[in-house]
Amino acid sequence: MDTNILHNISCGMFIVSSKKDRFLNGQIVNTVFQVTNSPVTVAISINKENLTHEYIRASGIFTVSILSEEAPLPFIGKFGFKSGRTEDKFKDVKYKLSAAGTPIVLDYTIGYLEAKVINTFDCGTHTLFLGEVTDMSLLKSGKPLTYEYYHQIKKGTTPQTAPTFIKTENSAPASGVKKYRCTVCNYVYDPRAGDADGGIPPGTPFEQLPDTWSCPVCGVDKSKFVEEITVCET
Ligand code: FE
């Protein structure tokens, strides 16, 4: 069974946020889809271990901020690879509160919607929340960030808690070029490509990266990277 076929299922990149009492949290979600149009309902899939899951359960409300292609990896990493249990994800992020007090991320956001949970479906590791949309608005023009663009152009990776995580994604590249993988988020530094967001030009060897360089996705330093097993081309 070829699990790579799952990468051909098109989906977008969103920040789903919620609240519990006065606390706010949000996370990257790639499974948001409209279910009906009268009333407008959407479904989202959230890992039961995530803090956002706990908050949606508590408040019965969530917002969806639709990200644009301009969203840089560190911004996506903040919401995708870090936990609200250890840091305030909304620190240094532009956002506003909905009438219900739920955060709406404004940075790199084309538009948003807010929904109240009207049904849930237990899906094992995840819960599918069905929400009726109570508010939505377009904020600015732009191209919505797709999961394909995130992977192919931005070289983004997938956390293990995501519904679309595929184990084979971490296999070694079949090339003679050394690459370096972040052991925290699985981002791969390819010296041929460099790191445009981090100001690292193409062709920069890993060893020559400055000590101040950090993983563009999750923010850890160079010491958390390991060399990928290199397969020689024949
Ligand atoms: Fe990382």
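Scroll up to find the structure.
Cut-offs applied
Residues numbered from 1 in each chain as written. Predicted model: local features only at pLDDT ≥ 70, side-chain atom pairs only at ≥ 80, totals over all residues. Heavy atoms only, no water. Helix = DSSP H or I, 4+ residues; strand = E, 2+ residues; numbered from the N terminus. Buried < 20%, exposed > 50% of the residue type's maximum accessible area, 1.4 Å probe, protein only. Contact = heavy atoms within 4.5 Å. 1 Å grid on protein atoms, 1.4 Å probe; cavity = no way out; pocket = protein on both sides within 12 Å on 5 of 7 lines; lining within 4 Å. Points joined across faces, edges and corners; volume = space filled by probe spheres on them. Nonpolar A, V, L, I, M, F, W, Y, C, P; charged D, E, K, R; others polar. Donors = N, O, S within 2.8 Å, 3.2 Å for Na, K, Ca; no water. Tetrahedral: all angles 85-135°; square planar, octahedral: opposite > 155°, others 65-115°. Pairing = 2+ DSSP bridges. Core = buried A, V, L, I, M, F, W, Y, C linked by side-chain atoms within 4.5 Å. Salt bridge = Lys/Arg side-chain N within 4 Å of Asp/Glu carboxyl O.

### Description of the overall build of the protein chain
Consideration 1: Of the regular secondary structure elements, the protein chain holds three helices and twelve strands.
Consideration 2: Expressed along its principal axes, the backbone C-alpha trace of the protein chain runs to roughly 60 × 40 × 35 Å.
Consideration 3: When the 234 residues of the protein chain are sorted by exposure, 44% land in the buried category.
Consideration 4: A separation of at least 24 residues holds for 63% of the contacts in the protein chain among residues at least 6 apart in sequence.

### Structural notes on helix α2 (residues 73–80)
Consideration 1: For α2, a buried count of six out of eight residues is recorded, marking the element as mostly surrounded by other parts of the structure.
Consideration 2: Taken residue by residue, α2 has L73, F75, I76, G77, K78 and F79 as its buried positions.
Consideration 3: Contact partners of the buried residues in α2: β1 (14–20), β2 (23–29), β5 (61–67), β7 (103–105) and α3 (147–152).

### What about the layout of surface pockets?
Consideration 1: By volume, the second largest pocket amounts to about 560 Å³.
Consideration 2: As for the second largest pocket, its lining consists of 36 residues, and the residues nearest its centre are N50, G80, F81, P159 and T161.
Consideration 3: Looking at the lining of the second largest pocket, the elements with two or more residues in it are β2, β4 (40–47), α1 (51–59), α2 and α3.
Consideration 4: The class makeup of the residues in the lining of the second largest pocket is 15 nonpolar, 17 polar and four charged.

### Concerning the environment of A162
Consideration 1: Inspection of the secondary structure assignment puts A162 in the loop between α3 and β10 (180–182).
Consideration 2: Along the backbone, A162 and I46 are 116 residues apart, and their C-alpha atoms lie at a distance of 7.9 Å.

### Observations concerning the coordination of the iron ion
Consideration 1: For the iron ion, the full set of protein donor atoms is C182 (SG), C185 (SG), C215 (SG) and C218 (SG), and the range of their distances to it is 2.3 Å.
Consideration 2: Seen from the iron ion, its four donor atoms lie at angles of 101 to 117 degrees, and the figure they make is tetrahedral.
Consideration 3: Between consecutive donors of the iron ion, the numbers of intervening residues give the motif C-x2-C-x29-C-x2-C. Taken together, the positions of C182 in strand β10 and C215 in the loop between β11 (188–189) and β12 (225–227) put the pair 33 residues apart, joining distant regions of the chain. C215 shares its class with C182; the two are buried.

### Examining the pairing of strand β3 (residues 32–37)
Consideration 1: As judged from the five bridges shared by β3 and β4, these two strands associate in the antiparallel manner. Bridging across to β4, N37 finds its partner in V40.

### Examining the nonpolar core
The nonpolar side chains of a soluble globular protein tend to be buried with one another.
Consideration 1: Counting residues in hydrophobic clusters, the biggest one holds 30 residues, and the most contacted among them are Y187, Y189, C215 and F225.
Consideration 2: Put simply, the parts of the chain that give this core at least two residues each are α2, α3 and β10.
Consideration 3: Counting 14 residues, the second-largest nonpolar core is a separate cluster that includes V16, I46, F62 and V64.

### A short note on the pattern of salt bridges
Consideration 1: Evaluation of the coordinates by the stated rule reveals six salt bridges.
Consideration 2: Ionic pairing is found between R192 and D190, a salt bridge with its closest N-O pair at 3.0 Å.
Consideration 3: The class of D190 is buried, set by a relative accessible area of 14%.

### As for unusual backbone geometry
Consideration 1: Between S38 and P39 the backbone carries a cis peptide bond, its omega angle lying at 0 degrees.
Consideration 2: Among the structural elements, P39 can be located in the loop between β3 and β4.
Consideration 3: Within the chain, D21 stands out as a residue other than glycine whose phi angle is a positive 55 degrees.
Consideration 4: Take D21: it is sitting in the loop between β1 and β2.

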